[in-house]
Amino acid sequence: MTATIFQEKCIGCEWCVEVCPHQIIIISEEIKKAEIINTKLCIECGACALQCPVEAIRSHPIGCGCVSGVVRKKINIFLRRENPKTCCN
Amino acid sequence: MKLLEKEPDLYDSEFQKIFPESVEIYESLLNTIGKKGKVLEIGSGTGKLAIQLNKLGLEVIAVDSSKDMIEFASKQVQSNDADVKFFKGDFTSHFIYQQLETEGPFDFIISTFVLSELTPFKQLLFLKQIYNLLSPKGQFFIAAEIILKNRTSKLFYKLKQSLFNQINIFREGYTTYPVLDFNEKLENWFYSNLLLERRNIQLYTGTKKDIEDRISSLPTLESQLGRFRWIKVLYCILNGILTRKSIKPGLYIVGNPNERSPLLVTSNYYWTVSAVSNALKNSQIDCYVLITDTNGINVWCAAGGGYFTHQSIIDALRLFDVDKYLTHKDIIIPQLAATGVDRKEITKFNWEPKFGPININEIQKYLVKGQKFPSQSKIGFNIVTRTIMGAQHTIFLSIAYFLPILLLSGILGVLGLDQSFFWFNIIFQGSIIGVILSQVFAWIYPIFNYTRSFFIKGLIFGMISSTGIILILINLQTPFNISTIFFWFLLILLISLLVSLDFAGHTPYSNHLEVEADLVLFLFPAILIIASLIVILLLFPPVELLF
């Protein structure tokens, strides 16, 4: 799974380019819109989606994946907790 | 209290069982308060006190964060023929504060048993907002659960909190934060005196201090780190996941900054702050550092976990009066915080947020240039980082998995269970292999980084390591029998899978959904391997020890 960019909404502001920790988003030369060049490296940290001023990027809403975070999420779902906090730590 | 809020009609009677002192507190409050003026009640609950206040002749405005409670209270107000205006929301949020500002200033502000529900950072913000909303001659009444000022109470509280934090890693719980040094906290803004004290409950009243609008001198960042820094940092590295060593949130200075100096924001994890302090000192930058309350978690994890957000930055900017010290509005936020900090939200408060370099050591180049190079935005995972992360992960594994199992088998051994010595040895040898493999995996991690799945990484690593270890040992020692070889091959494979999968969160390459899928994938071979280990032990003995 990777973040998805809806290019028709993109205004080419470059904010996502700046915040991507793996630097895999570029603004394409021809159409001046953002695109992901190496989806294999996308970790869906959600930084680009959060910073986007026009909501043109969709990403899994939960931050980076660490095992205890994932296990905790599972436990919270199992115990049917409302609004569980999800965090690695 | 949070649990009680679900059933408003039982709230008052249940609450009285927990705090029988509350009756006395309400009485004393109603006797002392004036009969005329505007009053704000924070945390109105069932509206009982608000109605009584209204009956005294006061104009009452009430805030509560629970929707159920407000609905219940509104009905109570109607049936009692009283007049109370309600606001729903968190009193410490800027949104509610702005609404209350238009209602104020208030002659009286009352809050009972709310302060101890907030984190120590929010407690300060809470008191500061009360200060801002009170009229010059206004009077406050705050009742809260406190930590008594003797050593045993403090120690007991610390133990309770650290235990809670340990449990909290795996299971999200709910805790209260009894107020530490209540009087000292109030003294920041108020002339206060104690009205009532029962057990660990205190009711304070008082009036505003005349605080001049002058700039007080700020403490240095260095002073917050204290002595024996390297020991504390080492402690963070070694025990980072299990405990949260934090720094008091606040605005601090590095060097001799003036009103045009840059403002940097960071999290309040000790190791993070220490790294920031070192980098700034080494490059001789004069600046302000704003430390936000991120619950003692590093920048990236806190941002991903919802602790380091635009809200926490805005709260810190408001509480510490940051704008008084600066003529500009630029804030430099760590780039990795972009996962949780929405730049647009901070812009709404007239600040101009910028994301700084990913590595704090690049800060000087960034400040001189005024802009970032793409290379400064890219996260690295070099050998030094891998060594530290590997060590941290290894110690976590030892404490969380290996030691408890070892301890258990040791206890069984003491109890004199059959074959317990053999089992203890197997677990001991397995743990040693696990510790070594965990560190080795961290060092050679880039070899496996061609695939995203940590399950596949673990499987390949496991195959290589288990074959390798057994081949080496066969060459060194007398040949093993076939069941011993199979047993240890499978056991080492299982340990490698566990070790490498658990390492995911320590690398910058883990993806939440994929780790989730990998964990499910891991369960199948794990069950299969454990079953075959039992079969080998029962049907094809003897299994020998490895070394």
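Report follows, based on the coordinates. (Residues numbered from 1 in each chain as written. Chains lettered and ligands numbered in written order. Predicted model: local features only at pLDDT ≥ 70, side-chain atom pairs only at ≥ 80, totals over all residues. Heavy atoms only, no water.)

1. Things to note about the environment of E35 of chain A
Residue and element names in this part refer to chain A. With respect to the secondary-structure elements, E35 resides in strand β3 (residues 34-36). By relative accessible area, E35 is classed as partly exposed at 31%. Sequence separation between E35 and W15 is 20 residues; the distance between their C-alpha atoms is 12 Å. Beyond its immediate chain neighbours, meaning those up to four positions away, E35 contacts I5, Q7, I24, I25, I26 and S28. (Helix = DSSP H or I, 4+ residues; strand = E, 2+ residues; numbered from the N terminus. Buried < 20%, exposed > 50% of the residue type's maximum accessible area, 1.4 Å probe, protein only. Contact = heavy atoms within 4.5 Å.)

2. So, the interface of chain A and chain B
Of the residues lining the interface, 42 residues belong to chain A; the matching set on chain B comes to 48 residues. Here chain A packs against chain B, burying approximately 4,000 Å² in sum over the two surfaces, 55% of which is carbon and sulfur. Summed over the shared surface of chain A and chain B, the result is one salt bridge. Across the salt bridge formed by E18 of chain A and K372 of chain B, the nearest N and O atoms sit 3.1 Å from each other. Counting every contact that joins chain A to chain B gives 14 residue pairs in polar contact (both at pLDDT 80 or more). With eight residues, helix α3 (residues 67-78) of chain A is the single largest residue contributor to the side of chain A that touches chain B. Per-class residue counts for the side of chain A that touches chain B are 22 nonpolar, eleven polar and nine charged. (Buried area = accessible area lost by both parts, 1.4 Å probe. Salt bridge = Lys/Arg side-chain N within 4 Å of Asp/Glu carboxyl O. Polar contact = N/O pair within 3.5 Å; in protein donor to acceptor, adjacent residues only side chain to side chain. Nonpolar A, V, L, I, M, F, W, Y, C, P; charged D, E, K, R; others polar.)

3. As for unusual backbone geometry
Leave glycine aside and you will find that most residues have negative phi; peptide bonds, for their part, are mostly trans. All names here are of chain B. Positive phi values are uncommon outside glycine, yet F113 reaches one of about 55°. By relative accessible area, F113 is classed as buried at 6%. Positive phi is not limited to glycine here, since N295 has a value of about 65°. As for its placement among the helices and strands, N295 is situated in the loop between β10 (287-291) and α12 (299-305).

4. What about the pattern of salt bridges?
All names here are of chain B. Counting across every chain of the model gives 17 salt bridges over all chains. Between K122 and D90 there is a salt bridge whose closest N-O contact spans 3.9 Å. A residue pair is termed long-range when its members are at least 10 positions apart, and K122 in helix α6 (residues 120-133) and D90 in the loop between β3 (84-88) and α5 (94-103) qualify at 32 residues. Looking at K122, the relative accessible area reads 21%, which means it is partly exposed. With relative accessibility at 34%, the residue D90 sits in the partly exposed group. Between R229 and E222 there is a salt bridge whose closest N-O contact spans 3.1 Å. Note on E222: relative accessible area 32%, which makes it partly exposed. Sharing partners across several salt bridges, the network here consists of D90, K122, D315 and R318.

5. Some details on the nonpolar core
One broad trend across soluble globular proteins is that nonpolar side chains are buried collectively. All names here are of chain B. If you look at the biggest cluster of nonpolar residues, it comprises 73 residues, and the most contacted ones within it are L40, I130 and L263. Per-element accounting of this core gives the leading share, eight residues, to α6. Setting aside chain neighbours within four positions, we find L263 in contact with L251, Y288, L290, L317, V322, L326, H328, D330, I331, I332 and W351. Judged by nonpolar contacts, the second largest core, of 66 residues, contains F381, F461, L494 and Y509. (Core = buried A, V, L, I, M, F, W, Y, C linked by side-chain atoms within 4.5 Å.)

6. Some thoughts on helix α2 (residues 21-32) of chain B
Residue and element names in this part refer to chain B. If you check α2, its first and last C-alpha atoms are 17 Å apart, about what twelve residues at 1.5 Å a residue would give, namely 16 Å. For α2, the complete set of buried residues consists of E21, S22, I25, Y26, S28, L29 and L30. The secondary structure elements touched by the buried residues of α2 are α1 (8-18), α3 (48-56), β4 (106-112), β5 (134-145), β6 (190-198) and β7 (201-208). (Expected span 1.5 Å × (residues − 1).)

Don't take any of this as a statement about function, it's just geometry.
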